[in-house]
Amino acid sequence: MALQELKVNKLRTFLSLLGVTIGIFCIVAVSTVLDSLEKNIRSSVASLGNDVIYISKWPWTDEGGEYKWWEYWRRPVLRYRDLRAVEQQAQTVRYATLSYSEGNITAKQNQYELTGITGYAVTDHFEKMQNFEIAEGRYFNSTELSGGNNRVVLGYDVTRSLFPGIANPTGKSVTFLGRKFTVIGTLKKLGDNVAGFNFDRGLIFPFFAAAAVKDVTDLDADITMMVKAKSGMTSDEISYETEGILRANRKIQPGAKNNFSINKLSQITAQLDQMFAMIDIVGIIVAFFSLLVGGFGIANIMFVSVKERTKIIGLKKAIGARRPAILTEFLIEAITLCLIGGLIGILIVLLLSLVLTYGMNFPVSLSFKNIITGISISSFVGVLAGYIPARAASRLDPVVAIRSA
């Protein structure tokens, strides 16, 4: 009988479904996108490894509660002699490398030109610290990096812009920083990583090639030393040893502050925990208001339904229908409405997740947990919003109900 009533009153059923569908869609969509975003970010952090530290003049987070950029700017940049000291003296370090970043580079290739890209001038072992992959050609060998040869590996977007329609541009030339570089390889599409590298819109070339045309010791130079621990060693162990080596190499007096910062991916993880905790609170607020809107909509529709069917309710009670039977009928109607609306909302989220994953290259997955959450909330809203109208219907006096206009 409940299903028959829903079928007869199509417009009312549609409007009720619309309210619940929007509410459940908001809840499940927000939860799904946030879960996928968190999963993608944490996966990116994990792919860089917890055994790598990043040393530069700039800290990633506040040191002492205030980000004193004016003090950090005056610090000397990391130099090649710092790298050599770590490589020669450290017992816990497996690999160490330097990366000099030069932003807003303009690269040219015949009639094609691309501006606003970033160049990463690196020393040996850089590829062992980052998770990029070669698409065509190859990466540098140790001789090319130590000799400062004019060779370059291009990022995905740079390759497509400077060599449109060319699948493999290795062997061709690209001009930037006033010099001509030979392309030896290209990278697969990656996207930004949490360490701040954008290899898609970047290019990689030898550190000494950059040192030949740029002052890599200038205070404004953006240089980072990356240090990877030996197997079995932790980031804390290499941090402690590397700090001692750099303090000695830079002749920092005992008790004086470091003129460099040691950054770890665990700092990003801690910030992510705080950020996602705040986002979860926002998600709960969105869910609450969605429930509120959907619940009021269902309750209003059910009160109207009770009003319209007062005489029928009176007749049912007159021929022996008990209160639980009337109560159950209206509850089933409310719960069915909410479940159908919830399932439609979940289906829309599933379709959008496929569009984002395959159409916009943003991996989004609708988890089983979110599906169960959506169905559970739908049922809860149905019971909550349908109980009061159903209880009012079950308590009607049969005589008064039959006489109602």
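Scope of this entry: the structure provided in the associated data block. Going along each chain's sequence as written, the residues are numbered from 1 onward. At least 70 in pLDDT is required for a residue's local features to be given in this predicted model, at least 80 for side-chain atom pairs to be given and counted, and no such filter applies to totals for whole chains, interfaces and linings, which use all residues. Side-chain measures here rest on the full set of heavy atoms in the structure, leaving out hydrogens and waters.

## Thoughts on the overall build of the chain
Put simply, DSSP H or I for four residues or longer makes a helix, DSSP E for two residues or longer makes a strand, and each gets a number counted from the N terminus. Within the chain one finds 13 helices and 10 strands. On C-alpha atoms alone, the chain measures out to a radius of gyration of 32 Å, which is more than a quarter above the 22 Å that the 2.2 N^0.38 rule sets for 405 residues. In terms of its C-alpha atoms, the chain occupies a principal-axis envelope of roughly 100 × 60 × 40 Å. We call two residues contacting when some pair of their heavy atoms lies within 4.5 Å. Taking the intrachain contacts of the chain between residues at least 6 apart in sequence as the baseline, contacts between residues at least 24 apart amount to 76%. Areas reported as accessible are Shrake-Rupley estimates using a 1.4 Å probe. Residue values count occlusion only from the protein chains shown. Of the roughly 20,900 Å² that the chain leaves accessible, carbon and sulfur atoms contribute 59%. With C-alpha atoms as the basis for the radius of gyration, the globule rule is written as 2.2 Å multiplied by the number of residues raised to the power 0.38.

## Brief notes about unusual backbone geometry
For H125, which is not glycine, the phi dihedral falls at a positive 80°. Mapped onto the secondary structure, H125 falls in the loop between β3 (112–122) and β4 (134–137). Phi at L177 is positive, roughly 55°, even though this residue is not glycine. By the secondary structure assignment, L177 is in the loop between β6 (173–176) and β7 (179–187). Given a relative accessible area of 25%, L177 falls into the partly exposed group. For the exposure calls, accessible area comes from a 1.4 Å probe over protein chains only, and a residue counts as buried if that area is under 20% of its type's maximum, exposed if over 50%, partly exposed in between.

## Quick notes on the packing of aromatic side chains
Think of it this way: a Phe, Tyr or Trp ring, Trp meaning its six-membered ring, pairs with another when their centres are within 6.5 Å, and the plane angle makes it stacked under 30 degrees, edge-to-face over 60, tilted otherwise. Overall, the coordinates contain 17 aromatic pairs when judged by the stated rule. Aromatic side chains Y54 and W60 sit 5.2 Å apart centroid to centroid with 40° between the ring planes, which places their arrangement in the tilted category. According to the relative accessible area criterion, Y54 is buried, its value standing at 1%. For W60, a relative accessible area of 29% translates into the label partly exposed.

## Regarding the pattern of salt bridges
When a carboxyl oxygen of Asp or Glu is within 4 Å of a side-chain nitrogen of Lys or Arg, the pair counts as a salt bridge. Scanning all chains against the criterion turns up 12 salt bridges. In this structure, E87 and R84 form a salt bridge, with 3.0 Å as the shortest nitrogen-oxygen distance. Residue E87 and its partner R84 are both found in helix α4 (residues 80–89); the two are separated by 3 residues, about one turn of the helix. Overall, E87 belongs to the partly exposed group, its relative accessible area being 33%. Taken together, the shared-partner salt bridges in this structure form one network comprising R138, E144 and R151.

## A short note on helix α10 (residues 310–318)
Within α10 the residues assigned to the buried category are T310, I313, G314, K316 and K317. Relative to the axis of α10, the buried residues are bounded by an arc of 165° and lie together on one face. The arc refers to the directions leading from the helix axis to the C-beta atoms.

## A short note on the nonpolar core
Across soluble globular proteins, nonpolar side chains show a tendency to be buried alongside one another. The term nonpolar core refers to a set of buried residues drawn from Ala, Val, Leu, Ile, Met, Phe, Trp, Tyr and Cys, joined through side-chain atoms within 4.5 Å. Core analysis: the biggest nonpolar cluster contains 42 residues, and V86, F176, F205, I223, M225 and V227 have the highest contact counts within it. With 6 residues, strand β2 (residues 93–109) is the single largest residue contributor to this core. Those residues in contact with V86, other than ones at most four positions away along the chain, are V93, A96, M225, V227, T242, I245 and L246. Core analysis: the second largest hydrophobic core is formed by 26 residues, I298, M302, L331 and A385 among them.

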